[in-house]
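Below are the chains, spelled out letter by letter.
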Amino acid sequence: PSSTPAAAPSALPQTTPTLLDLAGSARGTVLLIDDNDDNQTVCAAILRHLGHTVEIAADGERGVAMARAKPPDVILMDVAMPRVDGWTATRLLK
């Protein structure tokens, strides 16, 4: 038996925001959790340039404490860190 081929996905409507649209319009607090100083510097500079407020934690344990004390709008987290890794920190925050 023959079947009709699936229709190609239609283009997204013009009103659907892209990631760049959101990055340019939604400004909030970002908690950056990363033990690498260079990553902290570069990421924070880009995020601040986009108008975000950036809080930085150098390990998962501190990041979890900061997120619980003052929940950010977004968390950007490294996976491999000392003390508490990113996977564990994410589970603790869920």
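Everything here concerns the structure above.
Below is a short write-up of the structure. Going along each chain's sequence as written, the residues are numbered from 1 onward. For this predicted model, a pLDDT threshold of at least 70 governs which residues receive local features, and a threshold of 80 or more governs which side-chain atom pairs are given and counted, while totals over whole chains, interfaces and linings are taken from all residues. The basis for every side-chain value is the complete set of non-hydrogen atoms in the structure, without hydrogens or water.

Some details on the pattern of salt bridges
Operational definition: Every case where a carboxyl oxygen of Asp or Glu lies within 4 Å of a side-chain nitrogen of Lys or Arg is listed as a salt bridge. Only DSSP runs of H or I covering at least 4 residues are called helices, and only runs of E covering at least 2 are called strands; the numbering of each starts at the N terminus. Throughout this description, buried means an accessible area under 20% of the type-specific maximum (1.4 Å probe, protein chains only), exposed means over 50%, and partly exposed covers the range between.
As enumerated under the stated definition, the model contains two salt bridges in all. Note that Arg83 is salt-bridged to Asp59, the shortest N-O span being 3.6 Å. Taken as a pair, Arg83 in the loop between strand E3 (74–77) and helix H4 (86–93) and Asp59 in the loop between strand E2 (53–57) and helix H3 (60–69) lie far apart in primary sequence, 24 residues in all. With a relative accessible area of 65%, Arg83 lands in the exposed category. In this structure, Glu61 and Arg83 form a salt bridge, with 2.8 Å as the shortest nitrogen-oxygen distance. Here the residue Glu61 occupies a position in helix H3, and Arg83 occupies one in the loop between E3 and H4, the gap between them amounting to 22 residues. Residue classification places Glu61 among the partly exposed residues on the basis of a relative accessible area of 39%. The network of salt bridges with shared partners includes Asp59, Glu61 and Arg83.

As for the sheet that holds strand E1 (residues 29–33)
Applicable threshold: In this description, strands pair whenever DSSP reports at least two bridges between them. Here an axis means a line fitted to C-alpha atoms, over the contact stretch when the element is a helix, while the angle between two N-to-C directions is reported on a 0 to 180 degree scale.
One open sheet accounts for three strands, arranged E2-E1-E3; its pairing is parallel. Looking at which strands have only one partner, the edges of the open sheet turn out to be E2 and E3. Put simply, the sheet's adjacent strands are angled 20° from each other on average, direction ignored. Bridging between E1 and E3 involves four bridges; their strand directions are parallel.

Observations concerning the nonpolar core
Cut-off, in case you're wondering: Each nonpolar core is a collection of buried residues, namely Ala, Val, Leu, Ile, Met, Phe, Trp, Tyr and Cys, held together in the definition by side-chain atoms within 4.5 Å.
Residues Leu31, Ile33, Ala57, Met66, Ala67 and Met81 constitute the largest nonpolar core, which totals six residues. Of all the secondary structure elements, the ones that give two or more residues to this core are E1 and H3. Grouped together as the second largest cluster of nonpolar side chains are five residues, Val30, Leu32, Ala44 and Val54 included.

Looking at the environment of Asp73
As a reminder of what qualifies: Polar contact is the term for a pair of N or O atoms within 3.5 Å; when the atoms are in protein, one must be able to donate a hydrogen and the other to accept it, and sequence-neighboring residues count only if both atoms are side-chain atoms.
Along the chain, the position of Asp73 falls in the loop between H3 and E3. With 46 residues separating them along the chain, Asp73 and Arg27 place their C-alpha atoms 9.0 Å apart. At 2.7 Å, the side chain of Asp73 forms a polar contact with the backbone nitrogen of Thr29.

The values reported here are purely geometric and, on their own, carry no functional implication.
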